[in-house]
Structure formats: structure tokens, C-alpha cells
Amino acid sequence: MNVNQPTIVEMLLADWRGNLTKRPEQRASMFMMSEPGTGKTQILGLAAELANDDADFMAENKRRYDADTFEMLPFRATLHEPVDLTGIPAVITDEMLKQQVLVWIKDQHWPRDGAGVIFLDEFPQGTPQMMAALGQIISELAIGDFKIGRGWNVVLAGNRATDRSASFIVPQQIDNRVYTVTLVPALKPWVEWARANNIDDTVTRFLQFRPAAFTNFDPARPTNPSARVWELVSGVRQQNMHGTIGERAKVEGYVGAGIAAEYFAYVDAGDSLPAIED
């Protein structure tokens, strides 16, 4: 189902509250799919912030897991191989057995205690072997015999195969352990976020004037407007390159020639063209 940013946040908070009383294999885990540049990481970060602000939720995390904060722990499937989960082999002497034994030293990335959300980002861009290896974290909060703290939740995210984003087919056993939603970003929530995060007012006013320019993804094009791209265009505005060829080249390189032409027509018109408020 297609859902917008506020709905995603509501769903995540509901999952995390419900997961407090469930065993790892019973917990709800979201798989958030979308076209590139929709702000999936920012949305998950916002949900984690709101979870920290929920006094009743945090009191229960404190009681159950002695956790004072609800953290977000990112893990990009594209940057790892299955062996990274297994750990590094080492030979140690077992004092009780009086002999040498082989052990696996795990990455300290994985928490034994606390509470939060493990964010498996770029999940379908990982190799099939990597996705399969992460399956035990999703279903059991475990890596081999290593148990991740029970205060942790799991969320997956990534781009679709149709987006030309080097995605692989997600193994069926993973699909059966999560529920999948497609994020379709809405302009109004993004504008609210932009105003709170120092995005240039000219960018937000243009998008309110021309909402169709907010996202217009076509995988056949090398450049496409998106929430992430408009944040980058705001950065160009803040470089004080106004009216230069360099400014126009950068913006066109981000959003494409057609939308860049509309954007600069709005900028050149100044205040004579109004933003269309909510």
C-alpha cells in the first residue's frame, strides 16, 4: 500500500509500542520501500525522536530493558558481507577444558542491552546472501548464538527493482517475516520539516507554487527531483551563487533541465508569484 510520511511514523510508533510485550519472533517489522531520495532515514529518525518523547513508552522501556533512551542503529546491507555478521575467528584457551577452542569475535556494532530500532538500510541492494544472513536478526534478534538485546526493533528500507537502483529480489523467507509499505512522499509534511531544518524559503515557496515539481521520478532519466534533491538545491541557494551560470548548472544537474527552467523562472519573478499555502 502507498502511504505518506506521517502515516509511516504513526505505524512505526504503534509497532514499537506493541512489540514491548512480544517475543522477537512475534514482533512487527516494517519494510519501507520507495523511489530514491524520499527521506526514509529522516522519517525513521523522526519516529525515534517521538518515541523518546513518549513518557509512558520510555518508562516501559526503562522497566523492561533498563533503557534511558530509544536509539536508532543504522546498518547498510550494501557495505557488508555475511562474514561480517559471523565475526572474526579466534583460537583461545578454555581454562575448564584445558584445551584450545575456536570462537567467533562479534562486531561490537550489535547491542546486548538498551532499546531502539535497528535500521537495515538499502536492504534489497545487499546481495541475496547478505539478505538471507540478516533474516535471523529480523526473526529472532540473533546472529548465530549471539543474542541482541530484547529492547531492539527492526525496520528494513530500500529502493525498488523498477527504480534502477541495483536491487536484488528479496528472498521469500524475508517477505514472510515483514510487512511491506511503499512510501509516497507528500509535500505538506516535507514543507513542515523543511521549515524546521533551515531549508531555503525560496525552495519551499516554489514547491508550494508548483507541487508537481516536488517528486517526478522516472528511472529512465539520469536526474529526478525528490525530497533529498530539493534539500541539495537549498544548499546551492545558500552558497550565494545567485544569478550565476554555476548556480543554474548545479540546479539543472540535480532536478533536470525542465524543472530547473521552471524553478529559475519563479526565482527571477521574485515575490510577484505567490506560494500556495497549505
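None of these values were measured; they are calculated from a predicted model.

A. Fine view of the nonpolar core. Counting 26 residues, the largest nonpolar core has Ile8, Leu12, Trp16, Leu44, Phe57, Phe70 and Val155 as the members making the most contacts within it. Mapped by element, the contributors of at least two residues to this core are α1 (5-19), β2 (30-34), α2 (40-53), α3 (55-65), β6 (115-121), β9 (151-159) and β10 (179-183). Look past the residues within four positions of Phe70 in its chain and what remains in contact with it is Trp16, Ala48, Ala51, Asn52, Phe57, Met58, Asn61, Ala115, Gly116, Val117 and Asn153. Ranked by size, the runner-up nonpolar core spans 25 residues in total, among them Trp110, Leu120, Phe123 and Trp152.

B. Highlighting the environment of Ile259. Mapped onto the secondary structure, Ile259 falls in helix α11 (residues 257-269). Of the residues examined, Ile259 reaches a relative accessible area of 11% and is grouped as buried. Separated by 74 residues in the primary sequence, Ile259 and Pro185 place their C-alpha atoms 18 Å from one another.

C. Structural detail: the packing of aromatic side chains. Applying the stated rule across the entire model yields 12 aromatic pairs. Look at Phe57 and Phe70: their rings are 5.3 Å apart centre to centre, the planes differ by 65°, and that puts the pair in the edge-to-face class. Within this pair, whereas Phe57 is found in helix α3, its partner Phe70 is found in strand β3 (residues 70-76), the two being separated by 13 residues in sequence. Judged on exposure class, the residue Phe57 and its partner Phe70 are both buried. Aromatic side chains Phe206 and Trp230 sit 5.7 Å apart centroid to centroid with 50° between the ring planes, which places their arrangement in the tilted category. Linking Phe206 in helix α8 (residues 201-209) with Trp230 in helix α9 (residues 227-237), this pair joins segments that are 24 residues apart in sequence. Grouping residues by exposure puts Phe206 and Trp230 together as buried. Joined through ring pairs, the aromatic side chains of Phe206, Phe209, Trp230, Tyr263, Phe264 and Tyr266 make up one cluster. One residue, Arg248, lies across the ring of Phe264, its end atom 4.4 Å from the ring centre.

D. Spatial organisation of the pattern of salt bridges. Under the counting rule described, the total for this entry stands at 12 salt bridges. Ionic pairing is found between Arg63 and Glu60, a salt bridge with its closest N-O pair at 2.6 Å. Of this pair, Arg63 and Glu60 both sit in helix α3, separated by 3 residues, roughly a single helical turn. We classify Glu60 as partly exposed; its relative accessible area is 22%.

E. Up close: the packing of α9 against α11. One way to put it is that α9 packs onto α11 with a least axis distance of 14 Å and a crossing angle of 45°. Here α9 lies oblique to α11, going by the angle between them. With respect to the hand of their crossing, α9 and α11 are arranged in right-handed fashion. Here Trp230, Val233 and Arg237 of α9 come into contact with α11, specifically with Ile259, Tyr263 and Val267. By residue class, the composition of the contact of α9 with α11 is 5 nonpolar, no polar and 1 charged.

F. Local environment of the sheet that holds β3. Overall, parallel pairing links the 6 strands, which are arranged β1-β10-β2-β9-β6-β3 in an open sheet. The open sheet terminates on both sides in strands that have one partner only, identified here as β1 (2-3) and β3. Inspection of the sheet shows β2 paired to β9 by 4 bridges, in the parallel sense. Note that in β9 the partner of Phe31 across the bridge is Leu156.

G. Representation of the packing of α1 against α2 in the model. Orientation of α1 relative to α2, taken along the N-to-C sense of each, is 50°, at an axis distance of 9 Å. Here α1 is positioned oblique relative to α2, judged by the angle of their axes. The crossing of α1 and α2 is right-handed. Contact residues: Gln5, Ile8, Val9, Leu12, Leu13 and Trp16 in α1; Ile43, Leu44, Leu46, Ala47, Ala48, Leu50 and Ala51 in α2. Taken together, the residues that form the contact of α1 with α2 break down as 12 nonpolar, 1 polar and no charged.

H. Representation of the side chain of Asn19. Mapping Asn19 onto the fold places it in helix α1. A polar contact of 2.8 Å, which involves the side chain of Asn19, links it to the side chain of Asn153. Those residues in contact with Asn19 that sit more than four places away from it in its chain are Arg27, Ala28 and Asn153.

Parameters at a glance
- Residues numbered from 1 in each chain as written.
- Predicted model: local features only at pLDDT ≥ 70, side-chain atom pairs only at ≥ 80, totals over all residues.
- Heavy atoms only, no water.
- Core = buried A, V, L, I, M, F, W, Y, C linked by side-chain atoms within 4.5 Å.
- Buried < 20%, exposed > 50% of the residue type's maximum accessible area, 1.4 Å probe, protein only.
- Helix = DSSP H or I, 4+ residues; strand = E, 2+ residues; numbered from the N terminus.
- Contact = heavy atoms within 4.5 Å.
- Phe/Tyr/Trp six-rings, centres within 6.5 Å; stacked < 30°, edge-to-face > 60°.
- Lys NZ or Arg CZ within 6 Å of the ring centre and 35° of its normal.
- Salt bridge = Lys/Arg side-chain N within 4 Å of Asp/Glu carboxyl O.
- Axes fitted to C-alpha atoms, helices over the stretch in contact; angles between N-to-C directions.
- Parallel < 35°, antiparallel > 145°, perpendicular 65-115°, else oblique.
- Left-handed = near helix turned anticlockwise from the far one by under 90°.
- Nonpolar A, V, L, I, M, F, W, Y, C, P; charged D, E, K, R; others polar.
- Pairing = 2+ DSSP bridges.
- Polar contact = N/O pair within 3.5 Å; in protein donor to acceptor, adjacent residues only side chain to side chain.

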